[in-house]
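Read off the chains here:
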Amino acid sequence: MPNPQKTRRSFLATAGTLAVATLTGVKPAHAQMARTPLNNMPEAIRTLTRGAPVNTGKVKLDLPPLVENGHLVPLNVSVQSPMSETDYVKAIHIFTERNPLPEMATFHLGPRAGRAQVATRVRLADTQNVVAIAELSDGSFWSDSAHLIVTLAACLEELPA
Amino acid sequence: MNARVNVPKTAKRGEVIEIKTLVAHTMETGFRRTHLGAPIPRNIVTTLTCNYNGVEVFRAELHPSISANPYLQFTTVATESGTLEFRWSGDNGFSVSEAARISVT
């Protein structure tokens, strides 16, 4: 018969290790499962910019860092621009890394928008990066990206027949 | 099918006004399957255009990554009194429009 003292000690030690592992590894449960594969986002961005360089800055992409439900994620994007007749944001493109399609949405603006700011709600299939690219009237591209942790994924579940 | 828009009733000339729109739609992605394995065809809203007295001031192209019942919030400059017309269109001939009056002082 095993020494009860020893069994309890080893049980507590194991439990302690597990607790520490759970506390330190702040990863959602599904992170251990197969990740949704990367889509061809870099290629989609190259197609959009036709090889022009994409600068970082000017754009501000707001998404919650931790998402419980990937079906409805508030997205807010704004671009620093005077929005005048000669200097304005032509379009804002939103891309994702791990949804089945890289394109999320494109917003066409103009000087009559007054402000370059758009908000919508999006779906996210997995923990991933979202990229916003602004196309300015002078032909330059500016971008910002946001990383999100998603615990309940959208897009890929089954429907009752 | 119905749609809602929120546009201020009055505004000062040159003021940047905030517009909120919502349209009822399932936004079926086309990537889901039934339990029997049959693919569910895509059925989404693909565009929203906003015309201010006949001139396009905003247009959005949407993809399956946009949530069901697409919500969009954007801005425009109140230039003159008149009508803002919103038109959503999508798969399977989906087409809905809505209008809002604004008086600019």
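Look a little higher up for the structure.
Residues numbered from 1 in each chain as written. Chains lettered and ligands numbered in written order. Predicted model: local features only at pLDDT ≥ 70, side-chain atom pairs only at ≥ 80, totals over all residues. Heavy atoms only, no water.

S.K.: Can you lay out the side chain of S65 of chain B for me, pointing to particular residues and giving the numbers?
M.R.: Within the secondary structure layout, S65 of chain B lies in the loop between β5 (55-62) and β6 (71-77). Excluding anything up to four places from it in sequence, S65 of chain B contacts N99, L101, E103, M104, V122 and R123 of chain A. (Helix = DSSP H or I, 4+ residues; strand = E, 2+ residues; numbered from the N terminus. Contact = heavy atoms within 4.5 Å.)

S.K.: Before we move on, could you go through the packing of aromatic side chains and cite the residues and values that matter?
M.R.: Two descriptors summarise a pair of aromatic rings, namely the distance from one centre to the other and the angle between the planes of the rings. Summed over the entire model, instances satisfying the criterion amount to 3 aromatic pairs over all chains. Consider the rings of F58 of chain B and F74 of chain B, whose centres lie 3.9 Å apart with planes at 5°: the pair is stacked. Highlighted residues: F58 of chain B in strand β5 and F74 of chain B in strand β6, separated in sequence by 16 residues. F74 of chain B matches F58 of chain B in its accessibility class, with the two residues each being buried. Ring centres of F86 of chain B and W88 of chain B lie 6.4 Å apart, and the angle between their planes is 25°; this geometry places the pair in the stacked category. The burial state of F86 of chain B is the same as that of W88 of chain B; both residues are buried. The residue whose ring lies beneath K58 of chain A is W142 of chain A, and the NZ or CZ to ring-centre distance is 4.7 Å. Above the ring of Y71 of chain B, the side-chain terminus of R121 of chain A is found at 4.3 Å from the ring centroid. (Phe/Tyr/Trp six-rings, centres within 6.5 Å; stacked < 30°, edge-to-face > 60°. Buried < 20%, exposed > 50% of the residue type's maximum accessible area, 1.4 Å probe, protein only. Lys NZ or Arg CZ within 6 Å of the ring centre and 35° of its normal.)

S.K.: With reference to specific residues and values, describe the pairing of strand β7 (residues 82-90) of chain B.
M.R.: Residues and elements named next belong to chain B. As judged from the 7 bridges shared by strand β4 (residues 45-52) and β7, these two strands associate in the antiparallel manner. Paired with N51 across the two strands is E85, which belongs to β7. Here 8 bridges tie β7 to strand β8 (residues 95-104), and the two strands are oriented antiparallel to one another. Pairing of S89 across the sheet is with S95, part of β8. (Pairing = 2+ DSSP bridges.)

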